[in-house]
Amino acid sequence: VAEFGLQVFLATGVIPSRQKIIGFEKPGPAAPLMPDGDLSKAGMFENMQLSMTQLNIGQELEPRPLTPHFVDRIGANVRVLGERVGAIEQYLEAGGQPTEKLHKLSMYMGEAGMKLMLKVDEIEGDDNVRAMRKALVGQSNQILDRIEKLKARLKAAVEAMPPSHEVDAGHA
């Protein structure tokens, strides 16, 4: 889903966390594609009609956690952020054009990662919860490091190209 959300972003400019996409056969035409959904099981077919709505800030769709526990909810968000960063990395490795739009998305992801890290820092509990928190801190730090490298790479690429030659990858 992260790769699909990136392609929708490149075409529309709507950041992946604020995309509400409906029209898939499964889980149902009126149900939105979840950020952690399995696109291979969504019932895609040729010429299908999809609809995308831009969600307001604070109304983003949350991934489904393993349990309703606070740590699992944060962990699901950390995992989805990592998948979204990976989608941009793969896009660029496959020869995708670095654009100002992608740079702005990487900056947004950095802010989202920092907000998640603040939530992780608030986690308190017994030894098991502290162990889960420690694991989330490690995962979050790795993702934040990847985001920083991505931001630097995109910034350098965008600054190196003449302003009139930046290509909007969604419309190239």
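Bear in mind the structure is a predicted one, so any value in this text is a computation, not a measurement. (Residues numbered from 1 in each chain as written. Predicted model: local features only at pLDDT ≥ 70, side-chain atom pairs only at ≥ 80, totals over all residues. Heavy atoms only, no water.)

Asks: Requested: an account of empty space enclosed by the protein, with residues and values cited.
Replies: Throughout the structure, instances matching the rule amount to two cavities of 30 Å³ or more. Reported here for the largest cavity is a volume of approximately 140 Å³. Val-1, Pro-16, Gln-19, Pro-35 and Arg-84 are the residues nearest the centre of the largest cavity, which is lined by 13 residues in total. Those elements giving two or more residues to the lining of the largest cavity turn out to be α1 (2–12) and β1 (19–22). Reported here for the second largest cavity is a volume of approximately 30 Å³. Around the second largest cavity, the lining residues are Val-78, Leu-81, Gly-113, Leu-116, Ser-140, Ile-143 and Leu-144. Mapped by element, the contributors of at least two residues to the lining of the second largest cavity are α2 (70–93), α3 (100–121) and α4 (127–160). The dominant element in the lining of the second largest cavity, judged by the number of residues it contributes, is α4, at three residues. Split by residue class, the lining of the second largest cavity holds five nonpolar, two polar and no charged. (1 Å grid on protein atoms, 1.4 Å probe; cavity = no way out; pocket = protein on both sides within 12 Å on 5 of 7 lines; lining within 4 Å. Points joined across faces, edges and corners; volume = space filled by probe spheres on them. Helix = DSSP H or I, 4+ residues; strand = E, 2+ residues; numbered from the N terminus. Nonpolar A, V, L, I, M, F, W, Y, C, P; charged D, E, K, R; others polar.)

Asks: Could you give an account of the layout of surface pockets, with specific residues and numbers?
Replies: What the largest pocket holds in volume is close to 560 Å³. Sorting the residues of the lining of the largest pocket by element identifies α2 and α3 as the ones contributing at least two each. The greatest single-element share of the lining of the largest pocket, amounting to eight residues, is contributed by α3. Its residues assigned to classes, the lining of the largest pocket comprises 13 nonpolar, two polar and seven charged. If you add up the space inside the second largest pocket, you get close to 170 Å³. Pro-65, Leu-66, Val-71, Asp-72, Gly-75, Ala-76, Arg-79, Met-132, Ala-135, Leu-136 and Gln-139 together form the lining of the second largest pocket. Counting only elements with at least two residues in the lining of the second largest pocket, the list comes to α2 and α4. The greatest single-element share of the lining of the second largest pocket, amounting to five residues, is contributed by α2. Among the residues forming the lining of the second largest pocket, the class breakdown is seven nonpolar, two polar and two charged.

Bear in mind that shape data such as this cannot, by itself, settle questions of function.
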